[in-house]
Amino acid sequence: MFLVTPVLRGIQNLFVFTWDFGLVLVNIITPNRKVGHVTPEGAPGAGGKWPEYVPPKEGDSRCSCPALNAMANHGILPHDGKNIKFTELSEKIRATYNFAPSFCFFVPNFSANMLKRNYKKDTFDLADLDLHNGIEHDASLTREDSALVPDQGKPHLPFVRELLASASGKDKDGNALLTAKDLSEYSAKRRVDAKATNPDFTLDLPHKMFGSSNSSTMLTIFGGRIDDIESILVDERIPDGWESRIRKRMGLTFASFNLTVFKVERGIDEKKYKAKLAAEAAAPPAP
Ligand code: HEM
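- Named according to an unreviewed UniProt entry, the protein chain is Heme haloperoxidase family profile domain-containing protein originating from Hebeloma cylindrosporum.
- According to the UniProt record, the Sequence similarities (unreviewed entry) comment for the protein chain is "Belongs to the chloroperoxidase family."

This is the structure in structure tokens:
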């Protein structure tokens, strides 16, 4: 089995990325979904009407992912966050956020493998996704490192506030927008600060890429809109009237998403942030 499994996974990945490429082509030749019609008819949130938001109660399972917690808070996933089928997760993130079917299969399937469970048959609780250095990693933008705060189910609001305040863009109506540069700069700060405060700190290249992938959803699915991102990150709530900013018929493919992910990751400059800290430390105190 120890050789068969990696070979089968390699074939499966090749299939998923070929499928993803096919979806890119379909997106090119088909018209976008109309504004107000991105969430499919009959799915929760169609027409911007999201099921009632109920914050988690004692004993409910939540995780380090604000987007999945928000789905549980609205009852799109079970409100207690428990016994969720991986296949149900695939189906529901497709309808809720308009990621492409390739992504909606790949990430839950990756999670099932990570937890040594069967994608087709098994279930998980949201908190299971917090397996450290599975997908969850150090230097997150919305959570303290798990060595410092083992419960990853709640946002660390000082980080979230700092991230939101760093938004430097504006749309044509004057709404605050988070940019790729803002995300890169805040990620650099978190990586340097987390390394300095967490004696167990680790962050290898795959987990850096997971970090930039997670954060890039704020620029793509949420279009960088601070009003919407604030609701998702602070209350883990989908705003009334919201729909995914991705209007492509087949949703956000890996091929398209990765353009943003690589831009964010490439822009992360820890040395620049360290130089800024050093300059601040060397500056004479204000009179
Ligand atoms: C497909 C199933 C998904 C799984 C298994 C998953 C899992 C995770 C995990 C484990 C984290 C924590 C990573 C860390 O340590 O920072 C995370 C963070 C995050 N995820 Fe998800 N996620 C999924 C889908 C989504 C979707 C669809 C969105 C957006 C629409 C999203 C947006 C985010 C954001 C914004 C973060 C926070 C990043 C940070 O704090 O640095 N995720 N996700």
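### Points about the overall build of the protein chain
And step 1. Summing up its helical and strand segments, the protein chain has 10 helices and four strands in all.
And step 2. Secondary structure elements of the protein chain occur, N-terminal to C-terminal, as α-α-β-α-α-β-α-β-β-α-α-α-α-α.
And step 3. On C-alpha atoms alone, the protein chain measures out to a radius of gyration of 19 Å, which is about the 19 Å that the 2.2 N^0.38 rule sets for 287 residues.
And step 4. Projected onto its principal axes, the C-alpha coordinates of the protein chain cover approximately 65 × 55 × 45 Å.
And step 5. Of the contacts formed within the protein chain by residues at least 6 apart in sequence, a portion of 67% connects residues at least 24 apart.

### Re helix H7 (residues 205–216)
Owing to its 3.6 residues per turn, the α-helix aligns residues three or four sequence positions apart on the same side.
And step 1. If you check H7, its first and last C-alpha atoms are 16 Å apart, about what 12 residues at 1.5 Å a residue would give, namely 16 Å.
And step 2. Here H7 has its buried residues at Gly211, Ser212, Ser213, Asn214, Ser215 and Ser216.
And step 3. On its buried face, H7 sits against helix H6 (180–197) and helix H9 (254–266).

### Here's the deal with the site of the ligand
And step 1. Around the ligand, the structure places 26 residues, and the nearest of them are Cys65, Ala67, Ser140, Leu141 and Thr142.
And step 2. Grouping the amino acids of the shell around the ligand by side-chain chemistry returns 15 nonpolar, nine polar and two charged.

### Considering the packing of helix H1 (residues 4–29) against helix H4 (residues 101–114)
And step 1. Two elements in contact, H1 and H4, have axes separated by 9 Å at closest approach and are oriented at 155°. Between H1 and H4, the interaxial angle falls into the category roughly antiparallel. From H1, Val16, Trp19, Asp20 and Leu23 reach across to H4, where they touch Ser102, Phe105 and Phe106.
And step 2. The residue makeup of the contact of H1 with H4, split by class, is five nonpolar, one polar and one charged.

### Digging into the UniProt feature "domain: Heme haloperoxidase family profile" (unreviewed entry) in the protein chain
And step 1. Taken from the UniProt record, the annotation "domain: Heme haloperoxidase family profile" (unreviewed entry) applies to residues 49–259.
And step 2. Its end C-alpha atoms 31 Å apart, residues 49–259 is made of 42% helix and 4% strand.

### Focus: helix H8 (residues 226–235)
And step 1. For H8, the complete set of buried residues consists of Ile226, Ile229, Ser231, Ile232 and Leu233.
And step 2. Tucked into the core, H8 has its buried residues touching helix H2 (66–73), helix H5 (157–165) and strand E4 (176–177).
And step 3. Phi turns positive one or two residues past the end of H8, at Glu236, with a value near 50°.

### Section: the packing of H5 against H8
Packed helices, taken two at a time, are described by their axes: the angle between them and the distance between them.
And step 1. At a minimum axis separation of 11 Å, H5 and H8 run at an interaxial angle of 170°. The pairing of H5 with H8 is recorded here as roughly antiparallel in orientation. For the pair formed by H5 and H8, the contact residues are Leu157, Val160 and Leu164 on the first element and Ile226, Ile229, Glu230, Leu233 and Val234 on the second.
And step 2. Residues that form the contact of H5 with H8 fall into these classes: seven nonpolar, no polar and one charged.

### Let's talk about the environment of His79
And step 1. Relative to the helices and strands, His79 resides in the loop between H2 and strand E1 (84–85).
And step 2. Between the C-alpha atom of His79 and that of Val54, which follows or precedes it by 25 residues, the distance is 8.2 Å.
And step 3. The residues contacting His79, other than those within four sequence positions of it, are Val54, Asp60 and Ala72.

### Observations concerning the environment of Ala176
And step 1. Mapped onto the secondary structure, Ala176 falls in strand E4.
And step 2. When the C-alpha atoms of Ala176 and Leu252 are compared, they prove to be 23 Å apart, with 76 residues separating the residues in sequence.
And step 3. What Ala176 contacts, discounting residues up to four positions off in sequence, is Ala167, Lys170 and Ile226.

The rules we used
- Residues numbered from 1 in each chain as written.
- Predicted model: local features only at pLDDT ≥ 70, side-chain atom pairs only at ≥ 80, totals over all residues.
- UniProt positions renumbered as here; feature names shortened; annotations may be inferred.
- Helix = DSSP H or I, 4+ residues; strand = E, 2+ residues; numbered from the N terminus.
- Rg over C-alpha atoms; globule rule 2.2 N^0.38 Å.
- Contact = placed C-beta atoms within 7 Å.
- Expected span 1.5 Å × (residues − 1).
- Buried ≥ 20, exposed ≤ 12 C-beta atoms within 10 Å, placed from the backbone.
- Near = placed C-beta within 6 Å.
- Nonpolar A, V, L, I, M, F, W, Y, C, P; charged D, E, K, R; others polar.
- Axes fitted to C-alpha atoms, helices over the stretch in contact; angles between N-to-C directions.
- Parallel < 35°, antiparallel > 145°, perpendicular 65-115°, else oblique.

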